[in-house]
Amino acid sequence: MRGTGGAGAAGATGTGAGVGAGNGVGAGGGGANLLALRSHNAALVLDLLRTAGDEGISRLELAERTGLTPQAVSKITARLREDGLAAEAGRRASTGGKPRTVLRLVPEAGHAVGVHLDRDEVRVVLVDLRGTVVGERRAALDLGAGAEAVLGAVGETVAGVLPGGFAGGLPSGSAGLDGGARPGSAGSDGGLRPGSAGLDAGLRPGEAELDGSARWGSAGLDKGSRLGSTGCDGGSRAGVAGLADGARPGPAGLDPSLLGVGVALPGPLDHVRGVLHRVTGFPGWDGFPLREALAGRLGVPVVVDKDTNAAALGLAAGGEGGSFAYLHLGTGLGAGLVIGGSVHRGARTGAGEFGHQVIQLDGPPCTCGDRGCVEALCLGAVARGDLDEAARVLGAGAANLVGLLDIDVVLLGGRTVAAAPEAFVGGVGAVLEARARRTGEDAVPVRVTAGGDGAVAVGAAQLVLGPVFGRGDG
């Protein structure tokens, strides 16, 4: 959902100017989709309301910064106010005429759930429209316990973080309701696929074509997508009210303000289709349609991405600029890459398998099947209690990234780093400083992320919120 040109910028994290002077039709007038453009323009306005904070922003300022006409802004803000997404924040003195009414975002009008599905625990956060964490749950988990056990644990933890939990239980047709069905098989209705929630036997979760082309799987990557499409009737909008036609959010079985669930877990996986590949150490997940299975169980839209990509997305949405690498050291080791302000997932969404670069030929075996991987060497040092060595190994891998990608900063996170931040920042920084002395370049700075070991779950929620505000990286 990128901007298409025009007068104003849409703020620090916005997506560019408005479209066609606010009339819903592109400048050329050919082939434009009216609902998609209306949704795009509303996203621009919402993003500016978000970045304005409690002080708010006037309609005239919104028009100037988006390139939309004042009339178009008035229509959009009226719809957002009607749907409870925007409210008056007082009046501001004008240079001429009557004082201007200032509007602000209503953060509690919408929520997203972020799930960090790790190898040994599940962590769930509930965030409002500003990305502020308003609820959190953690539970022990064994990723190797099988799909039904894992999905059940995720469902229970998600329900626990919501104010009202499940409003009436799991949707009809959810996986596992028959007591024996595996996620992905027919539910208690006997024939519906998980995700149809008993509403339409012909639709898979997220595949309702709301405007003839968009699927939830694209999660805002094209202008035709509708955040929160549930596939219930082929035309419903279960996402943010007012982005297309004013429909109120209303996912089946859950809090009606819930826009969707973002799930982040170790890769490799297919971000676009929400299908897992051979998760390192857990090859039994290969080919499992996680997005489809969870959408069927929860009755809301689901987005799936690698843990490191989600964390990187969350950091970028939170204001981390430029090009950076987020290195996550916990039960495994991976990287999330932001290049030029966008998450770099690669041609097959496989970028960032940082832990499996070989730096010691004939080194110790790794769970990926290779030998001498950064992950195996680093985790081995952690297990021995040698954090200096672990940091040195992590620094060697980071130096490779710096040399390859010429990034601005290296960010460290994950539970292992959070337990000893000074050791890892110092150790990685020393390796990068030594490299800088050899090359004559400035040393790339190293910092611990502000989110600590919660950065992945918060970033997973941004997979859902991003498209609401016109950020296509979700």
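Analysis parameters
Residues numbered from 1 in each chain as written. Predicted model: local features only at pLDDT ≥ 70, side-chain atom pairs only at ≥ 80, totals over all residues. Heavy atoms only, no water. Helix = DSSP H or I, 4+ residues; strand = E, 2+ residues; numbered from the N terminus. Contact = heavy atoms within 4.5 Å. Salt bridge = Lys/Arg side-chain N within 4 Å of Asp/Glu carboxyl O. Buried < 20%, exposed > 50% of the residue type's maximum accessible area, 1.4 Å probe, protein only. Core = buried A, V, L, I, M, F, W, Y, C linked by side-chain atoms within 4.5 Å. Pairing = 2+ DSSP bridges. Axes fitted to C-alpha atoms, helices over the stretch in contact; angles between N-to-C directions. Polar contact = N/O pair within 3.5 Å; in protein donor to acceptor, adjacent residues only side chain to side chain. Parallel < 35°, antiparallel > 145°, perpendicular 65-115°, else oblique. Left-handed = near helix turned anticlockwise from the far one by under 90°. Nonpolar A, V, L, I, M, F, W, Y, C, P; charged D, E, K, R; others polar. pLDDT = per-residue confidence, 0-100. Phe/Tyr/Trp six-rings, centres within 6.5 Å; stacked < 30°, edge-to-face > 60°. Lys NZ or Arg CZ within 6 Å of the ring centre and 35° of its normal.

A. Summary view of the overall build of the chain. A tally of helices and strands in the chain yields 11 helices and 15 strands. Nonlocal contacts in the chain, meaning residues at least 24 apart in sequence, comprise 60% of its contacts between residues at least 6 apart.

B. Spotlight on the pattern of salt bridges. Here the structure, examined in full by the defined rule, presents 19 salt bridges. The partner of Arg-50 in a salt bridge is Asp-47, and the shortest N-O contact between them spans 2.8 Å. Placement of both Arg-50 and Asp-47 in helix 1 (residues 34–52) is noted, with a separation of 3 residues, approximately one turn of the helix. With respect to burial, Arg-50 and Asp-47 carry one shared label: buried. For Arg-81, the salt bridge identified is with Glu-88, shortest N-O distance 3.5 Å. Among the residues examined, Arg-81 registers a relative accessible area of 34% and is labelled partly exposed. The network of salt bridges with shared partners includes Asp-118, Asp-120, Glu-121, Arg-123, Glu-136, Arg-138, Arg-415 and Asp-453.

C. Geometry of the nonpolar core. Among the nonpolar cores identified, the biggest contains 48 residues, and Leu-49, Leu-80, Leu-129 and Phe-324 are the most heavily contacted of them. At 9 residues, the largest contribution of residues to this core is made by helix 11 (residues 455–468). Judged by nonpolar contacts, the second largest core, of 34 residues, contains Val-113, Leu-141, Leu-269 and Leu-290.

D. Structural context of the sheet that holds strand 2 (residues 86–92). Spatially, the 3 strands line up as an open sheet ordered 1-3-2, and their pairing is antiparallel. Since the sheet does not close on itself, it has two edges, and those belong to strand 1 (57–58) and strand 2, each with one partner. Where strand 1 lies against strand 3 (residues 100–105), 2 bridges are found, and the strand directions are antiparallel. From the neighbouring strand, Ser-58 faces strand 3, where its bridge partner is Val-102.

E. Quick peek at unusual backbone geometry. A cis amide bond, omega 0°, links Gly-267 with the succeeding residue Pro-268. Residue placement: Pro-268 occurs in the loop between strand 7 (258–265) and strand 8 (269–270). Positive phi values are uncommon outside glycine, yet Asp-362 reaches one of about 60°. Along the chain, Asp-362 turns up in the loop between strand 13 (342–343) and helix 7 (374–383).

F. Spatial organisation of the sheet that holds strand 6 (residues 133–140). What the 5 strands build is an open sheet, ordered 6-5-4-7-10; its pairing is mixed. Looking along the sheet, the strands with just one partner apiece sit at the ends: strand 6 and strand 10 (302–306). On average, each strand axis in the sheet is inclined to that of its neighbour by 15°, with strand direction left out of account. Packing of helix 4 (residues 147–161) onto the sheet brings it into contact with strand 4 (111–117), strand 5 (121–128) and strand 6, and relative to strand 5 it is tilted by some 35°. Along the sheet, helix 5 (residues 290–298) makes contact with strand 7 and strand 10, crossing strand 10 at roughly 145°.

G. Quick look at the side chain of Ser-323. In this fold, Ser-323 is placed in the loop between helix 6 (307–317) and strand 11 (324–329). One polar contact links the side chain of Ser-323 to the main-chain amide nitrogen of Gly-340, over a distance of 2.9 Å. With sequence-adjacent residues up to four places away left out, Ser-323 is seen in contact with Val-338, Ile-339, Gly-340, Ile-407, Asp-408 and Val-409.

H. Layout of the packing of helix 8 (residues 387–405) against helix 10 (residues 421–439). Orientation of helix 8 relative to helix 10, taken along the N-to-C sense of each, is 45°, at an axis distance of 8 Å. In terms of axis orientation, helix 8 runs oblique to helix 10. With respect to the hand of their crossing, helix 8 and helix 10 are arranged in right-handed fashion. Contacts between helix 8 and helix 10 involve Leu-387, Ala-390, Ala-391, Arg-392, Leu-394, Gly-395, Ala-396, Ala-398, Ala-399, Val-402 and Gly-403 from the first element and Ala-423, Phe-424, Gly-427, Val-428, Val-431, Leu-432 and Arg-435 from the second. Grouping the constituent residues of the contact of helix 8 with helix 10 by class yields 13 nonpolar, 3 polar and 2 charged.

I. Broad picture of the confidence of the model for the chain. Here the chain averages 77 in pLDDT, while 71% of its residues score no lower than 70. Between residues 166–253, whose pLDDT stays under 50, and residues either more than four places distant or in other chains, the model counts 200 contacts.

J. Representation of the packing of aromatic side chains within the structure. Tallied over the entire structure, the rule returns 1 aromatic pair. Measuring from centroid to centroid gives 5.2 Å for Trp-285 and Phe-288, while their planes differ by 85°, and the two rings are edge-to-face. Classification of Trp-285 as buried rests on a relative accessible area of 6%. For the cation-ring pair, Arg-50 lies above Phe-469, with the distance from its terminal atom to the ring centre recorded as 5.3 Å.

K. Fine view of the pairing of strand 11. Judged by how many residues are buried, strand 11 sits mostly within the fold: 6 of 6 residues are covered. Side chains Phe-324, Tyr-326 and His-328 project from strand 11 onto one buried face, and the interleaved Ala-325, Leu-327 and Leu-329 project onto a second face that is buried too. Bridge count for strand 11 against strand 12 (residues 333–339) is 6 bridges, and the pairing is antiparallel. Within the sheet, the bridge partner assigned to Leu-329 lies in strand 12 and is Leu-333. Hairpin connection, strand 11 to strand 12: the antiparallel pair is bridged by 3 residues. Bridge count for strand 11 against strand 14 (residues 409–413) is 5 bridges, and the pairing is parallel.

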